[in-house]
Amino acid sequence: MRPTDLLVLAAVLLILSPAAHATVESTCKAVSDYDFCVKTLQSDPASATADLRGQAVIATNLSSDKAVEVFAKIQTLLKSSQGKEERMCLSICSKLYEGLILDLNNAWSAIKESRKGDAMSALSACFDAPSTCEDTFAELSFTLSMPSPLKADDKDQEQLCSLTLELAHLFFY
């Protein structure tokens, strides 16, 4: 077989591979929340032409963007916080989200470099921040006169982390 024949064969195989043509809809059929997946991925125009790895990277970016947004909100809340317990909860959440941002950055690099173990480990750790943040407020709910100001953000972040982990799982397995 000539080298040009091999190149043509490789191109055809690449074009036919499922990862090369992972449409948003076909990818999202394989995750637990189809509607959230479609809405989330389609919020980035690059998802229209992205393969499965690209979709996992996009989800990681979106999850990281949300984590940065929540971290900034926590910093603002800390500045205006009046009560000791509320400041303590927000400080804990701040540290958790700081770690989450680092984990998502590590996951992003690992997905791009096809380092399965590192990516899956970093993404698995991502669930800790939003849930632990909420647990912190819940544990002190009897002394706080207000519910967690991060409840909706933590829920959104948890959904993004779940989607990112599912997409990475699809890519690697």
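Quick note: structure is the one above.
Chains are numbered independently. Their residues run from 1 in the order of the written sequence. In view of the model being predicted, local features appear only for residues whose pLDDT reaches at least 70, and side-chain atom pairs are presented and counted only at 80 or more, with totals across whole chains, interfaces and linings using the full set of residues. Values reported for side chains reflect all heavy atoms of the structure, with hydrogen atoms and water molecules removed beforehand.

Engineer: I keep staring at the overall build of the protein and nothing clicks. Help me out?
Structural biologist: Across its full length, the protein carries eight helices and zero strands. Runs of H or I in DSSP of at least four residues are treated as helices and runs of E of at least two as strands, each being numbered from the N terminus. The linear arrangement of helices and strands in the protein, starting from the amino end, is α-α-α-α-α-α-α-α. A 1.4 Å probe rolled over the protein chains alone gives each residue an accessible area, and that area as a share of the maximum for its type sets the label: buried under 20%, exposed over 50%, partly exposed in between. Scored against the burial criterion, the 173 residues of the protein give a buried share of 38%. Throughout, a contact is declared for two residues whenever any of their heavy atoms are within 4.5 Å. Expressed as a percentage of contacts within the protein between residues at least 6 apart in sequence, the contacts between residues at least 24 apart total 69%. Method for areas: the Shrake-Rupley scheme with a 1.4 Å probe, in which residue coverage is limited to the protein chains shown. Summed over all atoms, the accessible surface of the protein reaches about 9600 Å², with 60% contributed by carbon and sulfur.

Engineer: What exactly am I supposed to notice about the packing of helix H3 (residues 34–42) against helix H8 (residues 151–172) here?
Structural biologist: Each pair of packed helices can be described by the angle between their axes along with the distance between the axes. Where H3 contacts H8, the axes come no closer than 11 Å and their chain directions differ by 90°. In terms of orientation, H3 and H8 fall into the roughly perpendicular class. Seen from H3, the contacting residues are Phe36, Cys37, Thr40 and Leu41; seen from H8, they are Gln159, Leu160, Leu163 and Leu167. Each residue gets one label: Ala, Val, Leu, Ile, Met, Phe, Trp, Tyr, Cys and Pro are nonpolar, Asp, Glu, Lys and Arg are charged, and the others, such as Gly, are polar. Partitioned by chemical class, the residues of the contact of H3 with H8 number six nonpolar, two polar and no charged. Only the contacting stretch of a helix is used when fitting its axis, a line to C-alpha atoms as for every element, and angles between N-to-C directions run 0 to 180 degrees. Throughout this description, any angle smaller than 35 degrees is read as roughly parallel, any larger than 145 degrees as roughly antiparallel, any in the 65 to 115 degree range as roughly perpendicular, and the remainder as oblique.

Engineer: What is the right way to read helix H5 (residues 84–112) from this model?
Structural biologist: Along an α-helix, residues three or four positions apart point the same way, because every turn accommodates 3.6 residues. Taking 1.5 Å of rise per residue, 29 residues should cover 42 Å, and H5 covers 42 Å from first to last C-alpha, within 8% of that figure. Taken as a whole, H5 has its buried residues at Glu86, Cys89, Leu90, Cys93, Ser94, Tyr97, Leu100, Ile101, Leu104, Ala107, Ala110 and Ile111. Looking at the buried positions of H5, the neighbouring elements they touch are helix H4 (52–80), helix H6 (116–125), helix H7 (128–139) and H8. Of the residues one or two after H5, Ser114 is the one with positive phi, at around 55°. The span expected for a helix works out to 1.5 Å for each residue beyond the first.

Engineer: What is the right way to read the environment of Ala119 from this model?
Structural biologist: Along the chain, Ala119 falls in helix H6. Of the residues examined, Ala119 reaches a relative accessible area of 0% and is grouped as buried. Measuring from C-alpha to C-alpha, the distance between Ala119 and Asn106 comes to 7.2 Å, with 13 residues separating the pair along the chain. Each residue touching Ala119, except ones within four places of it in the same chain, is listed here: Ala107, Ala110, Ile111 and Phe172.

Engineer: Before we go on, may I ask you to explain the pattern of salt bridges in this structure?
Structural biologist: Should the charged atoms of two oppositely charged side chains come close, the side chains can pair. Should a side-chain nitrogen of Lys or Arg be within 4 Å of a carboxyl oxygen of Asp or Glu, the pair is scored as a salt bridge. Overall, the coordinates contain six salt bridges when judged by the stated rule. Among the ionic pairs, Lys66 bridges to Glu69, the shortest N-O distance being 3.1 Å. With a gap of three residues between them, Lys66 and Glu69 both fall in helix H4, about one helical turn apart. Residues joined by salt bridges that share partners form a network here, namely Lys66, Glu69, Lys73, Asp153 and Asp156.

Engineer: What is the right way to look at the environment of Val68 in this model?
Structural biologist: You can see Val68 is positioned in helix H4. Val68 gets classed as partly exposed once you look at its relative accessible area, which sits at 42%. Taking the C-alpha atoms as reference, Val68 lies 6.8 Å from Ile101; in sequence the two are 33 residues apart.

Engineer: Looking at this structure, I do not really get the side chain of Ser81. What am I missing?
Structural biologist: With respect to the helices and strands, Ser81 occurs in the loop between H4 and H5. Overall, Ser81 belongs to the buried group, its relative accessible area being 9%. Between N or O atoms, a polar contact is any pair within 3.5 Å; within protein, one atom must be a potential hydrogen donor and the other a potential acceptor, and residues adjacent in sequence are included only when both atoms are from side chains. A distance of 3.4 Å separates polar atoms of two side chains, one belonging to Ser81 and the other to Glu86. Look past the residues within four positions of Ser81 in its chain and what remains in contact with it is Glu86, Arg87 and Leu90.

Engineer: I keep staring at unusual backbone geometry and nothing clicks. Help me out?
Structural biologist: Of all residues except glycine, most have a negative phi; of all peptide bonds, most are trans. Of note, the phi angle at Ser114 is positive, near 55°, even though the residue is not glycine. Here Ser114 lies in the loop between H5 and H6.

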